[in-house]
Amino acid sequence: MFQHCRSLLFPILCLLALPMVQSQQSRVKWLSFEQLEEALAAEPRKVLVDFYADWCVYCRKMDEAAFRDPEVVAELNKHYYAVRMNVETRDTIHFSGMQYVNREAGNKRNPVHEIPLLLASRDGEPFTLPALVLFDESFRIRNRYFEYISPEKMRTILQ
C-alpha cells in the first residue's frame with residue numbers, strides 16, 4: 001500500500017509544480033542597473049528600461065497588460081535585457097563607474113532619481129510617466145516613449 005502511494009506522489013507533485021514553472025516563464029526577467037552592467041559585459045544585447053512609480057495608473061496598467069503578454073515576455077526574455085526602476089527610489093545606484101542618487105528625495109512630493117532624469121527627460125518638458133527607453137546592443141538610446149503602451153504596440157516596438 002505504501003509503495004503504491006509513493007509511486008503516485010511524484011507525478012502529483014510534478015503536476016502541482018507545473019503552474020509555478022509556467023508562471024515563471026511567463027514573466028519578464030527584470031534586472032537592476034547593477035545586474036544590467038554585469039549582463040552587458042558578458043553578452044551585449046538590446047535593453048529596455050521601464051521607469052515607473054507606484055502611484056502611476058498607466059504604469060500599473062502596462063505591467064498588467066503589456067508586460068504579461070506572452071509574446072512580449074518571450075521577446076524581452078530572448079532578445080533584450082529588461083530593467084525596471086521605480087523613479088522615486090532613494091537607493092544609490094552604481095552603474096558604469098558612476099554613482100547615481102535621488103537628489104530630490106525629501107525636497108519634492110514625487111522625487112525623481114537621477115537615472116530617469118538623465119535617460120528619460122525631454123528638453124523643455126517636465127519628466128512624465130510612464131517612460132520607456134530602448135537601447136541598441138551598444139547601449140545607445142534607440143527610442144523613448146512617454147505614454148501607455150498596449151501589448152500590441154509593445155510587440156511592434158520590440159520587433
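Computed from a prediction, not measured in an experiment: that's the story for all the values here.

Asker: Please clarify how the state of the cysteines should be interpreted in this entry.
Answerer: Think of a disulfide as a covalent bridge from one cysteine sulfur atom to another cysteine sulfur atom. A complete count under the given rule lists one disulfide for this structure. Paired by a disulfide, Cys 56 and Cys 59 hold their sulfur atoms 2.4 Å apart. Linking Cys 56 and Cys 59, the disulfide has an S-S dihedral of approximately 75° and is accordingly described as right-handed. Cys 59 shares its class with Cys 56; the two are buried.

Asker: Would you mind going over the environment of Tyr 145 with me for this structure?
Answerer: Here Tyr 145 lies in strand 7 (residues 141–145). Residue classification places Tyr 145 among the buried positions, given a relative accessible area of 13%. Between the alpha carbons of Tyr 145 and Val 133 there is a distance of 6.5 Å; along the sequence they are 12 residues apart. If we ignore the near neighbours within four places in the chain, the residues touching Tyr 145 are Pro 130, Ala 131, Leu 132, Leu 134 and Ile 157. A distance of 3.2 Å separates a polar atom in the side chain of Tyr 145 from a polar atom in the side chain of Asn 143.

What counts, and at which threshold
- Residues numbered from 1 in each chain as written.
- Predicted model: local features only at pLDDT ≥ 70, side-chain atom pairs only at ≥ 80, totals over all residues.
- Heavy atoms only, no water.
- Disulfide = S-S within 2.5 Å.
- Buried < 20%, exposed > 50% of the residue type's maximum accessible area, 1.4 Å probe, protein only.
- Helix = DSSP H or I, 4+ residues; strand = E, 2+ residues; numbered from the N terminus.
- Contact = heavy atoms within 4.5 Å.
- Polar contact = N/O pair within 3.5 Å; in protein donor to acceptor, adjacent residues only side chain to side chain.

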